[in-house]
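# Breakdown of the fold
As a plain string of letters, each chain reads:
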Amino acid sequence: QGLNYSFGAKKVDESAGLGYGGKEKAQLISDGFFTWLALTPDRFWVNLNPDQPDRIMDKTFGTTDAGRVLLQADLQMKHDFARDMDPRSGVGKKLFDTLAAENIPCTHGVRNWIVPKPAVVREQDGGLYILDAPLQVNSVPQEVKTPSPNGPCDLTEAQHKRVQQLMDSMIVPDIENKVNTGAAYADLRRVYTARVAAEWIRRQDAASPTDYHAIINSNKVTDWPLRGSNRSWTPEQTYKEYVKSFTEGDYSYPCEKAGQPATCVSGGVDFSKAPKKNIDKAQFRTQHTYLPRTTEISVKAVTDDAENKGLLALGGNTAAHTGTGGGSPTPTPTPTHKPTPTPSGGSSTHPATPTPSPGHTSQGDGHQPPATPPGDNGSGGGLANTGTQVAVVAAAAALLLAAGAGLIWWRRRSTGTH
């Protein structure tokens, strides 16, 4: 009978020219939410490997903005890893100084990919609060057939182990911090928060059919396509950028090859599973005393976040339209003419159906995206127990989103609060 939703958005100073694009980001969260419902979870992976141009991502997933965000985040992570490996400064210099001191001549190839950490949620009052949805960066040694411009790196088994140990302690933590806090990965965090929300809906629907029943596992995503400037994007475009980076490098630096002076260069995300953990009622009441009231108010009108002075809470109800995935007309985002805030994770949902006790799904190792769909009908999803406060935005609730933007504009003009 319609779903209440609420999400947080940063307050901004419109006089500084900030705030534009909020509606576009809200649309991204909304489209991602429906994409996670419509496609079966075995499709939620991307893979950038110079030896595997035919296994970039699922074809249907590649027609959505959620899929695009995952693949481009994977490419961004590889760029960031390459920059961190620069031996001339920062953690890269520290790494290579340590290798030189231990007479290790080079570093092996690695495979890095992003998977969810257990998200923190609270299921209460017939809804879900998504309080945190962190992501994790995994790294393992990997050699590929595509030649590296830096040549081969022949190491003993002990040296391989030591190199990976140093990377895990010096490089990986910095990359993981960027993934969880950096602006370049903000869209990845947005669509993952929507993934948490969608998985919760899947669980409700498995217990008792919801308004979303016809969408779930339909594998029809034409209502939530690539939009705006990304309308013509293809997975192959990102793959070509990656191969160029891998074969030509992102930068060059002086090095040694076979004892001679030379120049060296340097250049996956898997959401099929997403573990969650629920916090207990006492912890929720202690740490988030005002959150239920804030989200309830935000469904009817924009309000300040009582727990974070830098955020507004916006919400609505999805009863107007839920979409079918079958290609019915959908709103196309247009440039935001009035400054609007950029949504971030954090909201509550209050469907009419009772909330079953969630099970607990352990996190997959994510070491290899599935070559063929596993025998999972998708009803359990991959996003296991998530405990977080999520912003569930309905894709077709564009009128509500636009109304929210108007409320913010009116509030700023009337109160002068930014």
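For the structure, check the block above.
In this report, we go over the structure that sits alongside the text.

About the cut-offs
Residues numbered from 1 in each chain as written. Predicted model: local features only at pLDDT ≥ 70, side-chain atom pairs only at ≥ 80, totals over all residues. Heavy atoms only, no water. Helix = DSSP H or I, 4+ residues; strand = E, 2+ residues; numbered from the N terminus. Buried < 20%, exposed > 50% of the residue type's maximum accessible area, 1.4 Å probe, protein only. Areas by Shrake-Rupley, 256 points an atom, 1.4 Å probe, with all protein chains shown as cover. Pairing = 2+ DSSP bridges. Core = buried A, V, L, I, M, F, W, Y, C linked by side-chain atoms within 4.5 Å. Contact = heavy atoms within 4.5 Å. Arc of directions from axis to C-beta. Salt bridge = Lys/Arg side-chain N within 4 Å of Asp/Glu carboxyl O. Axes fitted to C-alpha atoms, helices over the stretch in contact; angles between N-to-C directions.

### Comments concerning the overall build of the protein chain
When helices and strands are counted, the protein chain shows 10 helices and 11 strands. For the protein chain, with 418 residues in total, the buried portion stands at 52%. Counting only carbon and sulfur atoms, one obtains 52% of the accessible surface of the protein chain, whose full area is about 18600 Å².

### Quick look at the pairing of strand β10 (residues 311-317)
With 5 of 7 residues buried, β10 lies mostly within the body of the structure. In terms of strand pairing, strand β1 (residues 4-10) meets β10 through 7 bridges, oriented antiparallel. Within β10, the position partnered with Phe7 by the bridge is Leu314. Here 2 bridges tie strand β9 (residues 303-304) to β10, and the two strands are oriented antiparallel to one another. The partner of Thr303 across the bridge, within β10, is Ala313. Taking the residues that link successive antiparallel strands as the turn, the β9-β10 hairpin has 6 residues.

### Concerning the nonpolar core
The biggest cluster of nonpolar side chains holds 66 residues, and the ones touching the most others in it are Phe33, Trp36, Leu37, Phe61, Leu95, Leu188 and Tyr212. Looking at this core element by element, the count peaks at 9 residues for helix α6 (residues 186-207). Apart from the residues within four sequence positions on either side, Leu37 is in contact with Ala198, Ile201, Arg202, Tyr212, Ile215, Ile216 and Asn217. Formed by 7 residues, the second largest nonpolar core is a distinct cluster that contains Tyr5, Ala9, Ala26 and Val302.

### Concerning the environment of Pro152
Mapped onto the secondary structure, Pro152 falls in the loop between β5 (135-141) and α4 (157-170). On the accessibility criterion, Pro152 (76% relative accessible area) is exposed. Residues Pro152 and Gly109 lie 43 residues apart in sequence; the distance between their C-alpha atoms is 9.3 Å.

### Focus on helix α9 (residues 291-298)
Considered for burial, the residues of α9 that qualify are Leu291, Thr294, Thr295 and Ser298. Looking straight down α9, one finds that the buried residues subtend no more than 95 degrees of arc, so they occupy a single side. Seen from the buried face of α9, the exposed residues on the opposite side, beyond 90 degrees, are Arg293 and Glu296. Of the surrounding secondary structure, the elements contacted by the buried residues of α9 are β1, β4 (127-132), α8 (281-287), β9 and β10.

### Some thoughts on the pattern of salt bridges
Inspection of every chain in the model, using the stated rule, returns 16 salt bridges. For Arg88, the salt bridge goes to Asp86, with nearest N and O atoms at 2.8 Å. The salt bridge partner of Arg190 is Asp187, with a shortest N-O separation of 2.7 Å. Taken together, the residues Arg190 and Asp187, both in helix α6 and 3 residues apart, mark about one turn of the helix. Asp187 sits in the buried class, given a relative accessible area of 19%. When salt bridges with common partners are traced through the structure, they connect Lys25, Asp187 and Arg190 into a single cluster.

### Remarks on the sheet that holds strand β8 (residues 276-278)
The strand order across the open sheet formed by 3 strands is β4-β3-β8, and the pairing between neighbours is mixed. What marks the edges here is a single partner per strand, and that holds for β4 and β8. In this sheet, neighbouring strand axes are inclined to one another by 35 degrees on average, regardless of whether the strands run parallel or antiparallel. By the bridge criterion, 4 bridges tie strand β3 (residues 119-124) to β4 in an arrangement that is antiparallel. Paired with Gln124 across the bridge in β4 is Gly127. Here α6 sits on the sheet in contact with β3 and β4, set at roughly 150 degrees to β4.

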